[in-house]
Every structure is written in C-alpha cells, then in structure tokens.
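Chains, contacts and geometry: an overview
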Amino acid sequence: MRKISLLFVSVCFISSAFAQDMEAVSDVKNNVSETLTIATEIVSFTKVLTIVVVLILVWGFNKLLNWFFSNLVKNFNRYRLKILRIQPMVNVLIWILAIYTLILTLFKPSAETVYALMGSSALALGFAMQDILKNVFGGLLIIIDRPFQIGDKIDVSGKYGEVVKIGIRSTIINTADDNLITVPNGSIISTGISNANSGALDCMVVIKLWLPINIDVEKVRKIAHEATITSRYLNYDRPVSILFFDHFDNQSATRLEIQAYVLDTRYERTFEGDVTETAKKAFSLSGIYTN
Amino acid sequence: MKFKRAELLHRAKVFLYSLIDIEYEEKTMLIEEVEEEILLPDGYLERFSIHPLESAAQLKGREEALINLQTAYDNWKITHTPLLVVGDIGEGTSSLMYSSASIYENLKFVDSNTAIHSEEKLVSLLKKAFDLDQTYPNVNAIKDDLLTKDQNYVVVFENIERMFLREINGFRLIEEFLLFVHRTKLQVYWIVTINKYSNYYLSNVKLFSSNFSSTIRLAPLANELLRKEIIERNEGFKLVYLKPRKLTKKFNKQLKKAEKEERQELLQAEFERLLYLYAKGNISRAISFAKLSAIRVKDDVIYLKPYQQKPIAHLTLNELFLIEALFQHSRLTILEFNRILRNTKRETRLAIEKLLEQNLINIYREDFGRVEYGINLVYLVPLKQMIRERLNRKFMI
C-alpha cells in the first residue's frame, strides 16, 4: 500500500514536472515565434529591398549632381570655386535626408526608442569608433565652417596642394608633383591650415631669386617688375611687389622676392617658372650675374 | 538629322559612363557638312565697307561724346590736362575724332595704325604732326624745340596700344611718350585714343590711365541707330526677311498662323532682335551682321537670313593667350607674338594657322611687306567673353 502511494506520488510529480516543461517549451516556442514575427516585421524582405533601392537611387542622384556640377565648372570656369564649394554640402545633405526619411518611413521609431538608441549607440560608438567619429565630425565641421573648399591651395602639416575632394572621413589633396594625399579630417581640424587663395581663383606666388650682393637694385627691380607684368599667367588686377633681402650666412648674397598673383591657382608653378626664366635671361643679358 | 541622333547617343553614353566613373572616349567619325560660301555682287558688298567718318554731320549717336570733347578742350585751356578716349574695335573712335575736327583750331593727327617700336619711328611721326623740318636725335629734342615756339597745338594720337610690346623693355617708348606729353601739355592739347583691353592692361600694370585726368569712354550706340544704319546701307533695295536657322516652336507657330505681310513683319522684328543681340551697340558689328545676313541679291531684292554665329571650338591655353595679346596690341606680327608669349616660331605659327582656319583672326598685309594679324570683328564679343571666363580677367566687355 505504501509502495503504491509512493508510486502514485512520483507519477504525479513527474507528470506535473513534465507538464511544467511542456508549458515552458511552448512559452519559448511562442516567444521565438513572436520575436521572429517582430524581426520579420522590422527587417522584412520588402524593407530590405526598399533600403537597397533607395540607397542606389540616392547614390545615382548624387552622381548625377556631381556630373551636373562638373559641367557647370567647365562652362563657368570663373565661378569654378564657388560652384565646387556647394558640391560636398549638397552631397552630404542628400545622404542625411535619405537616411532620415528611410528610418522614419520604414521603422517609425517612437521618441523613447530614438532616445534610447541614440544614448546606447553613442556610448558604444564612442568607444568603438572614436577615430572614425572624430574624422566624420571633422568633415562636417570643414563643410560648415569652411576653412577651405574644393579647389583651394592649402598646406596641412607640410603637405601643400590643391583640395580635390572633401569627404565625410577624409580630405584629398593633390600636390604639385601630382600625388594624391588623403588627410583624415580629424587631424585637419586639430592642426593649423594655411590657405593660399581662400575661395578665390587667384593666389599670391612668391618667386625667390638669388643674386650677387653688389647688384644695381634699380636695374634689377625694373627687370623683375617687367618680367612679372609681361607674364601671360599674371593676374593684372592685383599688385606686384618687389623686395630685396641681404644674406651674409655662408656667402653674401641678395635674395630678390617677387610677390605677384597668378590668374588661376592651377598655373601657380608655371607662372613661377615663367617669371624666373624671363628674369634670369634678362639678368644675364644685362650683366647682373657678373657684377 | 543623322548627325544629331548620333551626337545624342554619344552624349548619353558619355553621361552613363561618367555616372559610374568610367572614362569613356570614342573618336567619332562624323564630319559636319559645310555650307557653301555665298557670293554676292561686289557692288552690293561695297555698301558695307567700314571706314572712319570725316564729318560731324555723318556721325550719329555721339552727340554726348562731342559735347564731352568740347568740355575737355575748354578745360585744357585752364588746367592743361591731356585727354584719353577709350573705345573698342569698331565702336567708331576714329570717326569721332575725325568728326570732332571743327571743335579745335589747328588739329593734327598722328596716324599710328602701324606698330611704333622705335624712338626713330616716334620722332618721325611727331615731326610730321608738328610740321617740323629739322633733324631730331630723340623725342626730348622735339620737346626742347616745341617749348621755344610760341604756338599751341591740338594733337590726336590714335591707337597708342601700338606703341608698346609686352616684353622686357617693351614699355620704354610709351613711358617716354607719356613724359613727352606731360612736358609739352602747356602748349599741346593731347588727345590719346586706346582700345578697351589695352587700357585695362596698361592701367593695371603701368598705371597708364592715371596720366590722364580726363577720360571719355565710348558708350554703346542705341539699337534704333543701328537699325537705321542697316536700312540706309540697303537703300534702293527691297528687303525680304527669311526665317532664321534656329526658331523657337512658339515663333514657328506664330509664323504659320500669320498672313504674308504679317509674316514679313514678324521676321523683320526677329531679324532686328538678333541684330541688336549680336551688335551690342557696336556700329561696325551691326554692319557686318547685315552683310553676313544677305544671302541673295536678285534685281532690286535682297534676301536676308539672320546671321547665326557658330560657337567657337575649344581653344587651347596658348591660343587664348595669343588672342589676348591681340586684344592688347590690336595687331601683331609672328615675330612680335614670339617675343610676347615667349613661344617658339613654330608654336606660334601652328596656333595662328588654327585661328585663321576658324576665322577668328584676320591677316593684314602692310604696304612695306609687313604681315600682321588682328582679331576678326565678327568674333570680337565671344572671344572677349572667353578671355574673361577662362583667363579670369576682370574687365568690362
């Protein structure tokens, strides 16, 4: 009798435990299916396809705009730098607008979700992508603050060249020897930048020539001035300055500095070469070097 | 039509390839058909010859400039300041000067239509202007002689841009001349004329215009005057206006709806609109427009099809600088081009051949065998726009 009752109790216990297990399994099953439903609702095939299509369209639209800008630049060379100034701003704005609209229309997040997401992602991203974010914010600062723009001749940490692209993460500079240098935006905003033309087409070119110490200054000044004003690359609307400096380091010499503006920053080196060549020929002819 | 379709297809291809950053360059084998040159009777073409006027009665639309010339002369009698007249090619600067002769007593002209690159040439021109018989070694000697004379002169020195060459020591003569002007201004009323672009250049690099406290800039002529000039040049002929080569759909519809007489009125209005647009107040350009628009002469009827300028093909930087040098000096020889642009003879020759082929410049053969090149008046405005646009020159067109 005792054995029977024991058996009965154990059967009851096992069956109740089994029933509990069954309940848990079905709960898990329900939870999984619910999660899957929510997940498929959030990341459905239609939504993924929509995102892909929108991103391709935005990319295409940006490309179209860039093509439009490059044509504008070709036709209105005088306003080249003003046009190029707008290009990165428009590109970034279009991307921001597209992503913002996608999130709002596809996921319809509540305000709480947005705040929570922003808080947690800021924390996570802050640690994981510190450098990238620094560069991205640097890029935004460059676009908003505009210490330089596409087409400007800038010097960042000893790298001098023409800005050819301002990206979200980095800026590309084309140096005089035709090398493309990618400078992270973060490092640009943390160091000093020297800008030779600040959005203008022309920029000042300083041409240095070394001459004997006992030169006829008046004669040299006249030749240097005429070598500059007769150069085809000179910007006629800006003044020309001629300066003399004496040097007594290893060997005494006079440094002649011609400060003039080139008509377009693209011809900076050509202008320098043209004036140097003409002035040197004229100095030779007038016997300046043999003084 | 075939050309247009192929061109569109080519453009679409280039566009699509550029979207995905692929460089696409296909050498097209299409050759555009060239229209045959229209031959008109010499008698008719002679009506459109451009030459300076010689009397104030013939001069139109320059009443204000004549008043200014009179005022400037009256001022000189008190202040002794020389006058600078700035005008563009074909705007009628010479006509204005010749027509103003009645304002002055004893007016002398220095004809500097040829280049003056030596002091001897300048001395001979000045000797001629002041009726001097002696031999002078330099300009200073003329000045000394003039200062001993008790006589006043009025001298018009035209096209002063021909007195310098954009090279080292190329400004010496013009500077010498300006000094001469200042030293003789008490006795001589100097009127110096210069073209717009040379004035822009010289004033920026050599402060040229600051030597003249009075300046007259020729304003564009009124459209009505241009219209009258064209009518006058075609006097005795009946004008039949034809459809322009390019028409807007709206205008085409209007033409289709209109009766024969109304149709002619519409076409005449369109002709005049295109004339004003092309001439931009320049009388010589207006005359050349009318000449280029005449496509047929039959008895006493002239058929006018508004001239439409072909866009200028892409010019290289060297070619543009060559054009700019012509704007600065009006006319140049190959040797002078080489000296200015620091080019080799072959480089210049090739560039000139290309510009001649495109009809952008003209050849001028002087009596003594000198061959010079100058801007073709027909392309004056688009070339100036091109220089302004591509060479970043901030001058008023």
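Below: a short report on this structure. What you are looking at is a predicted structure, and each value in this text was computed from that prediction instead of being measured.

Broken down by element type, chain A carries eight helices and eight strands. Structurally, chain A occupies a C-alpha span of about 135 × 45 × 30 Å along its principal axes. Separation of charge centres in chain A, based on 28 positive and 26 negative side chains, amounts to 4 Å.

Moving on, we come to the overall build of chain B. The helix and strand inventory of chain B stands at 16 helices and eleven strands. Overall size of chain B, expressed as C-alpha extent along the three principal axes, is 75 × 55 × 35 Å. The burial tally for chain B puts 49% of its 397 residues in the buried class. The long-range share in chain B, meaning contacts at least 24 apart out of those at least 6 apart in sequence, stands at 72%.

Looking now at the packing of helix 9 (residues 223–233) of chain B against helix 12 (residues 283–293) of chain B. All names here are of chain B. In contact at an axis separation of 10 Å, helix 9 and helix 12 are set at 45 degrees when each is read in the N-to-C sense. Our classification of the angle between helix 9 and helix 12 gives oblique. Judged by the twist between their axes, the crossing of helix 9 over helix 12 is right-handed. Packed against helix 9, whose contacting residues are Leu226, Glu229, Ile230 and Arg233, the element helix 12 presents Ile283, Ala286, Ile287 and Ala290 at the interface.

Residues and elements named next belong to chain A. Spatially, 6-8-7 is the arrangement adopted by the three strands of the open sheet, whose pairing is antiparallel. One side of each edge strand has no neighbouring strand; the edge strands of this open sheet are strand 6 (203–211) and strand 7 (241–247). Shown here is a sheet whose adjacent strand axes are inclined to one another by a mean of 20 degrees, direction ignored. In this sheet, strand 8 (residues 253–262) lies alongside strand 7 in antiparallel orientation, the contact comprising seven bridges. Within the sheet, the bridge partner assigned to His247 lies in strand 8 and is Ala253.

Rules used in this analysis
Residues numbered from 1 in each chain as written. Chains lettered and ligands numbered in written order. Predicted model: local features only at pLDDT ≥ 70, side-chain atom pairs only at ≥ 80, totals over all residues. Heavy atoms only, no water. Helix = DSSP H or I, 4+ residues; strand = E, 2+ residues; numbered from the N terminus. Lys, Arg positive; Asp, Glu negative; His and termini not counted. Charge placed at Lys NZ, Arg CZ, Asp CG, Glu CD. Buried < 20%, exposed > 50% of the residue type's maximum accessible area, 1.4 Å probe, protein only. Contact = heavy atoms within 4.5 Å. Axes fitted to C-alpha atoms, helices over the stretch in contact; angles between N-to-C directions. Parallel < 35°, antiparallel > 145°, perpendicular 65-115°, else oblique. Left-handed = near helix turned anticlockwise from the far one by under 90°. Pairing = 2+ DSSP bridges.

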